[in-house]
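Chain residues, written in single-letter form:
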Amino acid sequence: MNSRRTFIKNAGMAAAGALLFPSFAHAFAKVKPVGLQLYTLREVIGKDPKGVIEKIAKAGYKEVETYGYSAKGGYFGMDAKAFKSLLDNNGLKAPSGHFGLDSFLKDGNQDELKIAIEGASALKMDFLTIPWMGESLRSSLDDYKKVSERLNQAAEICKKSGLKLAYHNHDFEFKKYDGKTGYEVMLEETDKNLVKFEMDLYWVVRSGNDPIAFFNKYPGRFPMWHVKDMDKANHSINTEVGTGTIDFKSFFKHAKQAGLKYAIVEQENFSKDPFISIKQSFDYVSRELV
């Protein structure tokens, strides 16, 4: 009985503290783990995957997003089982991976999709994410409608393997055709229950669009974000999260509305040591955003 009274008393104190001091409430909130897209370290990970993964974990990350899987080369020269063990040994999970599916998007070739599903399933991923599509697939609104149909098909196939499908944007999806963008077509033409979107905040902002407008219009469609900052002097390059021009705090206020589950740091170019850089970004995201 005393322990129950103690629990109720402590819970009441916590609630009171949350009302009086909002920062106190944050301390009791469930904090999302921070991930890193491994493409960030593409110059070094293929040379020493074990050492790179160890440094990522040491920087504080709990999740990674893969890229570049192939049936022959696996993940960075390691077979999927060995790479999964490497992640496990460093306390890391891979909730998503980037897998190119141009062949499937073009003609429905399932061989490519099958290999991607095998790679994603081996790491027990949540999402199989398409990171890009070639120019020949996206020259008109009709092209985007065809791609959307393929995305629905791929998502149905992924679902049978316990995976969800997501699409990651750059800036070309925001080119307008007769007043409408390809991104809007994909959001409207795909099944909202099957096809999700990994929003790259940098590319949305750089294309002149507002992420919050998409969160408002298409709630729950964006369970993953690439958290990538824009250099103040040169908008075509990246910088450490929190040191550039993008107002991430305003976006993270809409995390629940967007359906955010995974915040993934990415940086494609550096002015300092990459491992110092990813640590700096991790510290800011974990302290200020999630």
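Treat the numbers as computed from the prediction; the structure is a model and nothing was measured.

Chemist: Any chance you could explain the pattern of salt bridges here in plain terms?
Modeler: Oppositely charged side chains can form a pair if their charged atoms are brought close together. Per the stated rule, a full pass over the model turns up ten salt bridges. A salt bridge links Glu188 to Lys180; the shortest N-O distance between them is 2.7 Å. Residue class for Glu188 comes out partly exposed when judged on its relative accessible area of 39%. Relative accessible area serves as the criterion here: at 29%, Lys180 is assigned to the partly exposed category. With a closest N to O distance of 3.0 Å, Glu266 and Lys228 form a salt bridge. Here Glu266, found in the loop between strand E12 (262-265) and helix H13 (274-289), pairs with Lys228, found in the loop between strand E9 (224-227) and strand E10 (229-230); they are 38 residues apart in sequence, far enough to count as distant.

Chemist: Help me understand the packing of aromatic side chains in this model?
Modeler: The geometry of an aromatic ring pair is captured by two quantities: the separation of the ring centres and the angle between the planes. Using the criterion set out here, one finds 20 aromatic pairs in the structure. Taking 4.9 Å as the distance between ring centres and 70° as the angle between the ring planes, the aromatic pair formed by Trp225 and Phe252 counts as edge-to-face. Taken together, the residues span a long stretch of sequence, with Trp225 in strand E9 and Phe252 in helix H11 (residues 248-252) at a distance of 27 residues. Phe252 sits in the buried class, given a relative accessible area of 12%. Among the aromatic residues, those joined into a cluster by ring pairs are Tyr167, Phe174, Tyr183, Phe197, Phe214, Phe215, Phe222, Trp225 and Phe252. The ring of Phe275 has Lys55 lying over it, and the distance from NZ or CZ to the ring centre is 4.6 Å.

Chemist: I'm lost on unusual backbone geometry in this one. Help?
Modeler: Here Phe76, not a glycine, exhibits a phi torsion of approximately 55°, which is positive. With respect to the helices and strands, Phe76 occurs in the loop between strand E2 (63-66) and helix H4 (80-89). Under the relative-accessibility criterion, Phe76 is labelled buried at 15%. For Asp178, which is not a glycine, the phi torsion comes out positive at approximately 55°. Looking at where Asp178 falls in the secondary structure, it is placed in the loop between strand E6 (176-177) and strand E7 (180-181).

Chemist: Would you explain the layout of surface pockets in this entry?
Modeler: In this approach, a probe sized like a water molecule rolls over the atoms, and the result shows the empty space that is left. In this structure, the largest pocket occupies an estimated 200 Å³ of space. Gln37, Tyr39, Tyr67, His98, Pro131, Trp132, His168, His170, His226, Glu266 and Glu268 together form the lining of the largest pocket. Residues belonging to the lining of the largest pocket are distributed by class as follows: four nonpolar, five polar and two charged.

Definitions and limits used
- Residues numbered from 1 in each chain as written.
- Predicted model: local features only at pLDDT ≥ 70, side-chain atom pairs only at ≥ 80, totals over all residues.
- Heavy atoms only, no water.
- Salt bridge = Lys/Arg side-chain N within 4 Å of Asp/Glu carboxyl O.
- Buried < 20%, exposed > 50% of the residue type's maximum accessible area, 1.4 Å probe, protein only.
- Helix = DSSP H or I, 4+ residues; strand = E, 2+ residues; numbered from the N terminus.
- Phe/Tyr/Trp six-rings, centres within 6.5 Å; stacked < 30°, edge-to-face > 60°.
- Lys NZ or Arg CZ within 6 Å of the ring centre and 35° of its normal.
- 1 Å grid on protein atoms, 1.4 Å probe; cavity = no way out; pocket = protein on both sides within 12 Å on 5 of 7 lines; lining within 4 Å.
- Points joined across faces, edges and corners; volume = space filled by probe spheres on them.
- Nonpolar A, V, L, I, M, F, W, Y, C, P; charged D, E, K, R; others polar.

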